[in-house]
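Descriptive analysis of the structure
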Amino acid sequence: MNRRAFLESMAGLAAAVPGGVLSAKGAADAARSRVVVVRRGEPAEMFRRGIAALGGITAFVKPGQRVVVKPNIGWDRTPEFAANTHPDLVGEIVRQCLAAGAAGVTVFDHTCNAWKKCYEHSGIEAAVKAAGGTMAEAHEVSAYREAACPEAVRMKQAKIHHAILEADVFINVPILKNHGGAKMTAALKNFMGLVWDRQFMHRNNLAQCIADAPLYRKPTLNVVDAYRTMQTNGPLGVGLTDVRTLRYQLLSTDPVAIDVLAAKLLRFPVESIPYLALAAKNGLGILEEAQMEVIRLEAGAPEPVVKG
């Protein structure tokens, strides 16, 4: 992607983000540093509560737009093992996007285990189809397009899944969990599922490549699933002893800010996750919690319990 195309894409996203723009290499504005934290609900219920606090799904999805939703579906695991995004959350997002008038909603991930088993056993394929969305394949190189990003520090070229490059709206929906190589999976780490050659990222300073990847296409919205979290032995896990049920969900247009707060749920110091500071340096969001507007909600409660 050249600089002109990149800036034009940012201008297009500005119309979809209430109250601000997503700017390249610039200081994040107030809208980008707003994070909604919802707790004590079921996944679909918490999304309904959280997205309402951001102006509703229609603040992000307009009639006729093509939407891509990118969850974690990387592992041949059922939902209770917390290796993949909760299927109920993905299904609710697809339903709301279509209700807002989206021309179509595509869901995919570049899986680590056999893709058909991942799609099926995660429960995500069934949830997406029931909601009216479409599952896309991502296991063949033909699904990816060569792209360039001069602003990246390390990953200046990459093959990116065509659905991400072609969509009008990109909703990033990771699960929160421990990761042996990167320390934590959340919004920024989820971009590894958009790239064909993940081994390049592992070989060439993983933290910097994770910080570079979102420069190819910033998300319109990030939704971090922290209903169940894998506390240890990620990203696949050994068994249910790795899993803790938190019943949290975080929503923001800012992938750095949302990951900073997500790290706290795992009790990880921010400085222990190097890609967070590198992503902030790349202009992708806010690292300092004092500069964020955090809206804390209880699922089912009529008003925020904490705002500040």
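Remember, it's a predicted structure, so these values are computed and weren't measured experimentally. (Residues numbered from 1 in each chain as written. Predicted model: local features only at pLDDT ≥ 70, side-chain atom pairs only at ≥ 80, totals over all residues. Heavy atoms only, no water.)

What to know about helix α9 (residues 255–265)
To keep it simple, the criterion reads: Think of it in three bands: with a 1.4 Å probe and only protein chains considered, a residue is buried below 20% of the maximum accessible area for its type, exposed above 50%, and partly exposed in between. Helix numbering and strand numbering both begin at the N terminus, where a helix is a DSSP run of H or I of at least 4 residues and a strand a DSSP run of E of at least 2. Pairing of N or O atoms within 3.5 Å defines a polar contact, subject to two protein rules: one partner must be a possible hydrogen donor and the other a possible acceptor, and residues neighboring in sequence count only if both atoms are side-chain atoms.
The buried fraction of α9 is high, at 10 of 11 residues. The complete set of buried residues in α9 reads Pro 255, Val 256, Ala 257, Ile 258, Asp 259, Val 260, Leu 261, Ala 262, Ala 263 and Leu 265. N-capping of α9 is provided by Asp 254, with a side-chain oxygen placed 2.9 Å from the backbone N of Val 256. Arg 267 lies just past α9 and shows a positive phi near 65°.

Topic: the environment of Ala 100
This is how it is decided: Any two residues whose heavy atoms approach within 4.5 Å are treated as being in contact.
Of note, Ala 100 is situated in the loop between α3 (87–99) and β3 (104–107). Measuring from C-alpha to C-alpha, the distance between Ala 100 and Thr 58 comes to 5.8 Å, with 42 residues separating the pair along the chain. Those residues in contact with Ala 100 that sit more than four places away from it in its chain are Ile 57, Thr 58, Val 61, Lys 62 and Pro 63.

Focus on the pairing of strand β1 (residues 34–39)
This is how it is decided: In this scheme, strands are said to pair when DSSP sees at least two bridges between them.
Pairing between β1 and strand β12 (residues 293–298): six bridges, direction parallel. In the sheet register, Arg 34 faces β12, and the bridge partner there is Glu 293. Sheet topology places β1 next to strand β11 (residues 243–252); five bridges connect them, and they run antiparallel. By the bridge assignment, Val 38 is partnered in β11 with Gln 249.

Focus: the side chain of His 86
Mapped onto the fold, His 86 is located in the loop between β2 (66–71) and α3. Of the residues examined, His 86 reaches a relative accessible area of 10% and is grouped as buried. Not counting residues up to four positions away in its chain, the partners in contact with His 86 are Pro 43, Asp 225, Tyr 227 and Arg 228.

Some words on the environment of Leu 251
As for its placement among the helices and strands, Leu 251 is situated in strand β11. With residues up to four places along the chain from it excluded, the contact list for Leu 251 reads Arg 34, Val 35, Val 36, Val 38, Phe 47, Gly 50, Ile 51, Leu 54, Asn 222, Val 223 and Ile 258.

Considerations on the confidence of the model for the chain
To keep it simple, the criterion reads: You can read pLDDT as the predictor saying how much it trusts each residue, on a scale of 0 to 100.
Considering every residue of the chain, the mean pLDDT works out to 88; 87% of them sit at 70 or more. Low pLDDT, under 50, characterises residues 1–31; the stretch is placed with 60 contacts to residues that sit more than four places away or in other chains.

Details of the packing of aromatic side chains
Counted only if it meets this: Between the rings of Phe, Tyr and Trp (Trp by its six-membered ring), a pair exists once the centres lie within 6.5 Å; its type follows the angle of the planes, with under 30 degrees stacked, over 60 edge-to-face, and the other angles tilted. For a lysine, the NZ atom is tested; for an arginine, the CZ atom; a charge sits over a ring if that atom is within 6 Å of the ring centre and within 35 degrees of the ring normal.
The tally for this structure, following the rule as stated, stands at three aromatic pairs. With a centroid separation of 5.4 Å and 85° between ring planes, the pair formed by Trp 115 and Tyr 119 is classed as edge-to-face. One end of the pair, Trp 115, and the other, Tyr 119, are both in helix α4 (residues 115–121), four residues apart, so they sit about a helical turn from each other. With 5.2 Å between their ring centres and 55° between their planes, Tyr 144 and Trp 196 make a pair best called tilted. Of this pair, Tyr 144 sits in strand β5 (residues 144–148) while Trp 196 sits in the loop between β9 (183–185) and α7 (198–203), placing them 52 residues apart in sequence. Looking at Trp 196, the relative accessible area reads 29%, which means it is partly exposed. Here the basic side chain of Arg 77 rests over the ring of Phe 81, its NZ or CZ set 4.7 Å away from the ring centre.

Here we look at helix α2 (residues 43–53)
The complete set of buried residues in α2 reads Pro 43, Ala 44, Met 46, Phe 47, Arg 49, Gly 50 and Ile 51. In this structure, the buried residues of α2 make contact with β1, α3, β10 (221–230), β11 and β12. In the segment just after α2, Gly 55 is the residue with positive phi, at about 100°.

Here we look at the pattern of salt bridges
Counted only if it meets this: Each salt bridge in this description consists of a side-chain nitrogen of Lys or Arg and a carboxyl oxygen of Asp or Glu lying within 4 Å of one another.
With the rule as written, the count across this model stands at 13 salt bridges. Here Glu 92 and Arg 48 are joined by a salt bridge, their closest N and O atoms 3.4 Å apart. Here Arg 48 lies in helix α2 and Glu 92 lies in helix α3, a separation of 44 residues in the sequence. A salt bridge links Arg 66 to Asp 168; its shortest N-O distance comes to 3.5 Å. With Arg 66 in strand β2 and Asp 168 in the loop between α6 (162–166) and β7 (169–173), this pair connects stretches of sequence that are 102 residues apart. Taking the relative accessible area as the measure of exposure, Asp 168 reaches 33% and is therefore partly exposed. The network of salt bridges with common partners includes Arg 39, Arg 40 and Glu 298.

Some details on the pairing of β7
A large share of β7 lies buried, amounting to five of its five residues. Here β7 shows no split at all, with Val 169, Ile 171 and Val 173 on one side and Phe 170 and Asn 172 on the other all buried. Of the strand pairs in this sheet, β2 and β7 are connected by five bridges, and their pairing is parallel. Looking across to β7, one finds that Val 68 is bridged to Phe 170. The pairing of β7 with β10 spans two bridges and is parallel. Pairing of Ile 171 across the sheet is with Leu 221, part of β10.

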